[in-house]
Amino acid sequence: AAGLMLFFCNRRLKKQVHAGRETEQVLCEQLAFQRRFLDGIPSPIFVCDLQGAVITCNQSYEERMSIKLEHIRGQNSIGMNIFPQKLAEQLHCEIMQMILSRQPYYQKRMIEIKSGPMEIYQWTVPFYSASGRLEGLVGGWFDISEVRKWDPRATW
């Protein structure tokens, strides 16, 4: 009887392990799709948590900032070491204010990064969990000078 019981327990565990592996595969495929989707957006995009630390970004962000996600994940704008100190502090304060106010933010501005100055139109919006809890911010920007190259009549 004990052997039969062990046999059925073993069989049940194998089914659970198999189901877990299938679920893991589905989740990995979903993550890979989301990554491809995010990387397919030509504008730099970032996601930060409630402390202003980077959760993820897209490939365009990495290219524009000349940095890999692995080096900035978990860092706020001050710790990333890609902006001049004063700008990094200003960006961090703005992010924290947006988190407190829960309001979207849109602004035309000049920023200085390692590769030089850029005139951008920045947007940042809060994002929420399915239950309605604030999770962080999603943001990005359009390089206005590039838009002007596409359409010299564009006014910003």
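In what follows, the accompanying structure is described. (Residues numbered from 1 in each chain as written. Predicted model: local features only at pLDDT ≥ 70, side-chain atom pairs only at ≥ 80, totals over all residues. Heavy atoms only, no water.)

Take helix α4 (residues 85-101) next. Between its first and last C-alpha, α4 extends 24 Å over 17 residues, near the 24 Å set by a 1.5 Å rise per residue. Listing the buried residues of α4 in full gives Leu87, Ala88, Leu91, His92, Glu94, Ile95, Met98 and Ile99. The buried side chains of α4 occupy one side of the element, clustering within an arc of 160° when seen end-on. Summarising the geometry of α4, the exposed residues directed more than 90 degrees from the buried face are Lys86, Cys93 and Leu100. Here the buried face of α4 lies against β1 (45-48), β3 (105-113), β4 (116-128) and β5 (134-143). Two residues or fewer after α4 comes arginine 102, characterised by a positive phi angle close to 60°. (Helix = DSSP H or I, 4+ residues; strand = E, 2+ residues; numbered from the N terminus. Expected span 1.5 Å × (residues − 1). Buried < 20%, exposed > 50% of the residue type's maximum accessible area, 1.4 Å probe, protein only. Arc of directions from axis to C-beta. Contact = heavy atoms within 4.5 Å.)

Turning next to the pattern of salt bridges. Pairs can form between side chains of opposite charge once their charged atoms are near each other. For the structure shown, the criterion picks out four salt bridges. Glutamate 119 is the partner of lysine 108 in a salt bridge, and the nearest nitrogen-oxygen pair spans 3.5 Å. Note that lysine 108 is positioned in strand β3 and glutamate 119 in strand β4, a separation of 11 residues in sequence. For lysine 108, a relative accessible area of 39% corresponds to the partly exposed category. In this structure, arginine 133 and glutamate 135 form a salt bridge, with 2.6 Å as the shortest nitrogen-oxygen distance. Classification of arginine 133 as exposed rests on a relative accessible area of 53%. (Salt bridge = Lys/Arg side-chain N within 4 Å of Asp/Glu carboxyl O.)

Time to look at the side chain of aspartate 143. If you trace the backbone, aspartate 143 turns up in strand β5. Of the side chains bearing the opposite charge, arginine 64 lies closest to the buried aspartate 143, which forms no salt bridge; the N-O distance is 4.2 Å. Those residues within four positions of aspartate 143 in sequence are excluded, and the remaining contacts are Arg64, Met118, Glu119 and Ile120. (Lys, Arg positive; Asp, Glu negative; His and termini not counted.)

Within the largest apolar cluster, 25 residues are counted, with the highest numbers of intra-cluster contacts made by Tyr61, Met65, Ile72, Met80, Ile82 and Phe83. Among the elements of the structure, β1, β2 (54-57), α2 (59-65), α3 (69-72), α4, β3, β4 and β5 are those that each provide at least two residues to this core. The leading source of residues in this core is α4, at six residues. Setting aside residues no more than four positions away along its own chain, methionine 80 makes contact with Val54, Tyr61, Ile67, Ile72 and Gln75. (Core = buried A, V, L, I, M, F, W, Y, C linked by side-chain atoms within 4.5 Å.)

As enumerated under the stated definition, the model contains four aromatic pairs in all. Put simply, the rings of Phe46, Tyr61 and Trp141 pair up and form one aromatic cluster. (Phe/Tyr/Trp six-rings, centres within 6.5 Å; stacked < 30°, edge-to-face > 60°.)

Turning next to empty space enclosed by the protein. In the structure shown here, the tally under the stated rule is one cavity of 30 Å³ or more. Looking at the largest cavity, its volume works out to about 240 Å³. Along its surface, the largest cavity is lined by 20 residues, and Phe46, Tyr61, Phe83, Leu91 and Ile95 are the ones closest to its centre. By residue number, the principal contributor to the lining of the largest cavity is α4, which donates four residues. (1 Å grid on protein atoms, 1.4 Å probe; cavity = no way out; pocket = protein on both sides within 12 Å on 5 of 7 lines; lining within 4 Å. Points joined across faces, edges and corners; volume = space filled by probe spheres on them.)

Below, the discussion takes up the sheet that holds β3. Sheets are built from strands paired through backbone hydrogen bonds, the pairs being either parallel or antiparallel. What the five strands build is an open sheet, ordered β2-β1-β5-β4-β3; its pairing is antiparallel. The open sheet has two edge strands with one neighbour each: β2 and β3. Pairs of neighbouring strands in the sheet enclose a mean axial angle of 30°, with direction left out of account. As judged from the three bridges shared by β1 and β2, these two strands associate in the antiparallel manner. What sits directly across from phenylalanine 46, in β2, is cysteine 57. Sitting on the sheet, α4 is in contact with β1, β3, β4 and β5, with an inclination near 160° to β3. (Pairing = 2+ DSSP bridges. Axes fitted to C-alpha atoms, helices over the stretch in contact; angles between N-to-C directions.)

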